[in-house]
Amino acid sequence: MDTLITRTLVGAGLVGVIGGVYVAVGTASSLLLSDVDRIGGLAAALCAGAFFQPLRRLLQRAADRLLYGSRGDPVALAAELRRRLQRADPAEGLQAALEVLREGLSVTGVAVRLSPRPADRASGAPPEEAVSGELGEVAREIRLAWHGEPVGLLLIGPPGVRRLPAAHNERVVAALTPYVADAAHAVRLVGALRRSRERIIATREEERRRLRRDLHDGLGQSLSGMAMSINAARVSLRTSPETAERLLESLRSGMDSVTSDIRHLVYGLRPPALDDLGLAGAVREMAGPEAEVEVRGEPAGLPAAVEVAAYRIVQEALTNARRHARARTVRVVLELGGPVRVRVSDDGVGVPEERRSGVGLASMRERAAELGGTCVIVSPPEGGTVVEAVLPLAVDTGVDSESAR
């Protein structure tokens, strides 16, 4: 019924106004341009046609406001939704969008079921869902996409009490669905950021636990054993020099082992090549003659965390290129003039879909995210793999310098 009424109103308005314009222009041309009446008719048709589309939109908006009021006007709903999204927190924007959509469609409830990310799918976690109203039975499902990327499923409940059913619903859905998709994408980003921070904190605490265990169980026991050997050598020094000699030799061997353990711990905290050669030199040494390394710009006091993150990202990318991609050529580009930019490209087989959530690839993204940067891993159409990371120089990791050391 609403389709019939709105189309009747719009059609009648178009016929009346455009017909009047055509007659007026035709009459004026017949009086003023009586010798060129064909040109006058053409001018009348062009003038009438120029008014068609703007007039149709104006009449359609007026008919919508007449039938549904300001709450059902798609333009007014879109404007209100923009205002709400501008004031709302990114994590709460989806709820605001669903409320406006539910009011505009006059349904019992609407919901968005977010698409799970690969890591969530692998862990078996249920998909996140945002609901406005009481959804009950699902009357309609609409897939949401953000720049071609699926972000979720829009679920629309049955109609509530309203004046007219709606082909008008299609206009409301078409006007508001893009905003809902943007809000759903923002919620997924907030969730991914939260999970990334949780993993970073968990990884940091696991690393601290590992260091404590290695220091206590490894170095602590070794040093205790060395102290006992020293005491035994002192006792045997006068009565049995041969025994004291054997104990001192064992002590020397133990000191070499402790030195090796300490070096292993120190190398795990920060690659020594960074202190000896700097970031550019360390990357060149690590890449070797098999990879081409290009350095642009001059480093100016890079933060230690940025140096380690860039070094580890290049290290992981080179390992993947040599071990998994079967690449013949690898190229590394470092831009050190401002924010550190890392680009590692190869001509290998690319990254299969099933390996996009692997530990090595996830670690590169998390190292960049920990510093407030980004890391993108793509397989271009021409083949191979490209790893691009941007690491800002202003680092705020939330960890004090003593803890970092």
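Residues numbered from 1 in each chain as written. Predicted model: local features only at pLDDT ≥ 70, side-chain atom pairs only at ≥ 80, totals over all residues. Heavy atoms only, no water.

1. What to know about the overall build of the chain
Rules: Helical segments are the DSSP runs of H or I of at least four residues, strand segments are the runs of E of at least two, and each set is numbered from the N terminus. By definition, residues are in contact when any of their heavy atoms lie within 4.5 Å.
Looking only at helices and strands, one finds 12 helices and nine strands in the chain. Sequence separation of at least 24 residues holds for 66% of the intrachain contacts in the chain that already meet a minimum separation of 6.

2. So, helix H9 (residues 272-287)
Going by this rule: Helix span, as expected, comes to 1.5 Å for every residue beyond the first. Whether a residue is buried, partly exposed or exposed follows from its accessible area with a 1.4 Å probe, protein chains only, as a fraction of its type maximum: under 20%, in between, or over 50%, in that order.
Taking 1.5 Å per residue as the helical rise, H9 with its 16 residues ought to reach 22 Å, whereas the 16 Å between its terminal C-alpha atoms falls clearly short. Within the span of H9, buried status applies to Ala273, Leu274, Leu279, Ala280, Ala282, Val283, Met286 and Ala287. Positive backbone phi, at 75°, marks Gly288, one or two positions downstream of H9.

3. A look at the side chain of Asn320
Among the structural elements, Asn320 can be located in helix H10 (residues 304-323). In contact with Asn320, not counting residues within four places along its chain, are Ala325, Leu361 and Met364.

4. So, the nonpolar core
Note the cut-off: Residues belong to one nonpolar core when they are buried, are Ala, Val, Leu, Ile, Met, Phe, Trp, Tyr or Cys, and are joined through side-chain atoms within 4.5 Å.
Counting 36 residues, the largest nonpolar core has Leu279, Val314, Leu318, Val344 and Leu391 as the members making the most contacts within it. Put simply, the parts of the chain that give this core at least two residues each are H9, strand E5 (291-296), H10, strand E6 (330-335), strand E7 (340-346), helix H11 (359-370), strand E8 (374-378) and strand E9 (385-391). When residues of this core are assigned to their parent elements, the largest contribution, 10 residues, is made by H10. In this structure, Val110, Val112, Leu144 and Val173 belong to the second largest nonpolar core, which totals 27 residues.

5. Description of the side chain of Thr177
Put simply, the rule reads: Here a polar contact is taken to be a pair of N or O atoms separated by no more than 3.5 Å, where protein atoms must pair a possible hydrogen donor with a possible acceptor and residues adjacent in sequence count only if both atoms sit in side chains.
Its location among the elements puts Thr177 in helix H7 (residues 168-239). One polar contact links the side chain of Thr177 to the main-chain carbonyl oxygen of Val173, over a distance of 2.5 Å. Each residue touching Thr177, except ones within four places of it in the same chain, is listed here: Leu144 and Leu154.

6. Observations regarding the pattern of salt bridges
Definition in use: When a carboxyl oxygen of Asp or Glu is within 4 Å of a side-chain nitrogen of Lys or Arg, the pair counts as a salt bridge.
Per the counting criterion, the structure on display carries 11 salt bridges. We note a salt bridge from Arg188 to Glu149, for which the minimum N-O separation is 3.2 Å. Placement of Arg188 in helix H7 and of Glu149 in strand E4 (residues 149-156) is noted, with a sequence separation of 39 residues between them. Here Arg296 makes a salt bridge to Glu335, at a shortest N to O gap of 3.1 Å. Residue Arg296 is located in strand E5, and its partner Glu335 is located in strand E6; the two are separated by 39 residues in the primary sequence. Classification of Arg296 by relative accessible area gives partly exposed; the value is 37%. A relative accessible area of 29% places Glu335 in the partly exposed class. A single network of salt bridges, built from pairs that share partners, joins Glu292, Glu294, Arg296, Arg331 and Glu335.

7. Some words on the sheet that holds strand E2 (residues 129-133)
Here is the rule: Being paired, for any two strands, means DSSP has found at least two bridges between them. Angles run from 0 to 180 degrees between N-to-C directions of axes, and those axes are lines fitted to C-alpha atoms, restricted for helices to the stretch in contact.
In spatial order, the strands read E2-E1-E4-E3; together these four strands make up an open sheet with antiparallel pairing. The strands lining the two open edges of the sheet, one partner per strand, are E2 and strand E3 (140-146). On average, adjacent strands in this sheet sit at an angle of 20° to one another, irrespective of strand direction. Both E3 and E4 contribute to a ladder of seven bridges, which runs antiparallel. Residue Leu144 lies in a different strand from E4, and its bridge partner there is Gly152. Strands strand E1 (109-114), E2 and E4 of the sheet are contacted by helix H5 (residues 93-105), whose axis makes an angle of about 40° with E2.

8. Quick notes on the sheet that holds E9
Spatially, five strands are ordered E5-E6-E7-E9-E8 in an open sheet, and the strand pairing comes out mixed. Sheet topology places E5 and E8 at the edges, where each strand pairs with a single neighbour. Adjacent strand axes in the sheet meet at a mean angle of 10° when their direction is disregarded. Across five bridges, E8 lies against E9 in antiparallel orientation. From the neighbouring strand, Thr374 faces E9, where its bridge partner is Val390. Lying on the sheet, H9 is in contact with E5 and E6; it crosses E5 at an angle near 170°. On the sheet, H10 packs against E5, E6, E7 and E9 and is oriented at approximately 5° with respect to E7.

9. As for the environment of Ser222
Inspection of the secondary structure puts Ser222 in helix H7. Judged by its relative accessible area of 25%, Ser222 is partly exposed. Spatially, the C-alpha atom of Ser222 lies 10.0 Å from that of Asp261, the residues being 39 residues apart in sequence.

10. Focus: the pairing of E8
Residues Cys375 and Ile377 point to one face of E8 and are all buried, whereas Thr374, Val376 and Val378, pointing to the other face, are not buried. Here E8 folds back onto E9 in antiparallel fashion, the turn holding six residues, of which Gly383 has a positive phi close to 105°.

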